[in-house]
Amino acid sequence: MPKAERTILSTRPLPAALLLEAAASGFVVNCLSFIHTEAIEDPALTQRLRFLATEPHSVVFTSMNAVEAVAAQVRQTPHWKLYCIGNTTRALAESELGLKAAATADDAAALADRIIAAGEQELLFFCGNIRRDTLPVKLRNSGIALEEITVYRTEAAPQRIGSAYDAVLFFSPSAVQSFASVNQWSPSTVYFAIGSTTAEALRSAGAHRVISADGPGKETLLRRAMDYLKNITTTDKS
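If you're wondering where the values come from, they're calculated on a predicted model, not measured in any experiment.

**Considering the nonpolar core**
Core analysis: the biggest nonpolar cluster contains 27 residues, and Phe61, Val70, Trp80, Leu82, Leu97, Phe126 and Val151 have the highest contact counts within it. Put simply, the parts of the chain that give this core at least two residues each are α2 (43-52), β4 (57-61), α3 (64-71), β5 (80-85), α4 (87-97), β7 (122-128) and β8 (145-156). The biggest single contributor to this core is α3, with six residues. Listed in part, the 18 residues of the second largest apolar core include Leu18, Ala22, Leu169 and Val190.

**Let's talk about the domain arrangement of the protein**
Split into domains, the protein comes out as domain 1 (6-34 + 157-233) and domain 2 (38-154). Around 770 Å² of area is buried between domain 1 and domain 2 when both sides are counted, 52% of it from carbon and sulfur atoms. Across the domain 1-domain 2 interface, the total number found is zero salt bridges. Linking domain 1 with domain 2 are zero residue pairs in polar contact (both at pLDDT 80 or more). For the side of domain 1 that touches domain 2, the leading source of residues is helix α8 (residues 196-205), giving four residues. Classifying every residue of the side of domain 1 that touches domain 2 gives three nonpolar, five polar and three charged.

**Brief notes about the sheet that holds β8**
Pairing is mixed across the open sheet formed by six strands, whose spatial order is β3-β8-β7-β4-β5-β6. Of all the strands in the sheet, just β3 (35-39) and β6 (101-105) have a single pairing partner and so form its edges. Across the sheet, the axes of successive neighbouring strands diverge by a mean angle of 25 degrees, strand direction being ignored. Of the strand pairs in this sheet, β7 and β8 are connected by seven bridges, and their pairing is parallel. Its bridge partner lying in β8, cysteine 127 is registered against threonine 150.

**Remarks on the sheet that holds strand β9 (residues 167-170)**
Strand order in this open sheet of five strands is β2-β1-β9-β10-β11, and the pairing throughout is parallel. Unpaired on one side and paired on the other, β2 (27-31) and β11 (210-212) mark the two borders of the sheet. Across the sheet, the mean angle separating the axes of adjacent strands is 25 degrees when strand polarity is ignored. Sheet topology note: the strand β10 (residues 190-193)/β11 ladder contains three bridges and is parallel. Residue pairing for β11: phenylalanine 192 is matched across the bridge by isoleucine 211. Packed onto the sheet, α8 meets β9, β10 and β11 and runs at close to 145 degrees relative to β10.

What counts and what doesn't
- Residues numbered from 1 in each chain as written.
- Predicted model: local features only at pLDDT ≥ 70, side-chain atom pairs only at ≥ 80, totals over all residues.
- Heavy atoms only, no water.
- Core = buried A, V, L, I, M, F, W, Y, C linked by side-chain atoms within 4.5 Å.
- Buried < 20%, exposed > 50% of the residue type's maximum accessible area, 1.4 Å probe, protein only.
- Helix = DSSP H or I, 4+ residues; strand = E, 2+ residues; numbered from the N terminus.
- Domains from an automatic or database assignment.
- Buried area = accessible area lost by both parts, 1.4 Å probe.
- Salt bridge = Lys/Arg side-chain N within 4 Å of Asp/Glu carboxyl O.
- Polar contact = N/O pair within 3.5 Å; in protein donor to acceptor, adjacent residues only side chain to side chain.
- Nonpolar A, V, L, I, M, F, W, Y, C, P; charged D, E, K, R; others polar.
- Pairing = 2+ DSSP bridges.
- Axes fitted to C-alpha atoms, helices over the stretch in contact; angles between N-to-C directions.
- Contact = heavy atoms within 4.5 Å.

Here it is as structure tokens:
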């Protein structure tokens, strides 16, 4: 195995196979969660979700956590028209809910454009207690009635990191905020974002060097970071 020369911190767990792939290429990847999420357990919410699953609705998911929370409650394939952000969330929704996505996009603004272009008038938005405004604001400004249904909670789990990494991977604005609450942004570290919304959160929080993934998905983001670090020069790092 090549000597590990570069270090990467992932702010959410990654598959073991992906970590082994990184190690074989000379990277040490540490995984440290900066947020904690849990599905809301409430009998009234469960009853509502099961009833909604029997009706035709256009619905939107922007996170895997929302998909998992809803899928755990409904007992049948819903009669829904599905919109999703990211291929990972789409794949999970299609697998867990038995639906075929009508449209997907890499970020909230692009997904809103696709929903508007589709002529939607009403949507259900399954989300967490912390969510970005981009999608709801754009849809409502276009005259689309959007009902938000909170199905999971996100809590910050800030942790101090002992040393600077060559790269840090972020998968949500919530993780960015949690990280920034107890850590400083290192000018020698490159910060990688899963999408434009997370990249915006990084820049707003003060991160110096921010790079977005070429596409959605945890694997894509890690490989983007590894490719970048392989090609970076000593001058670029200084």
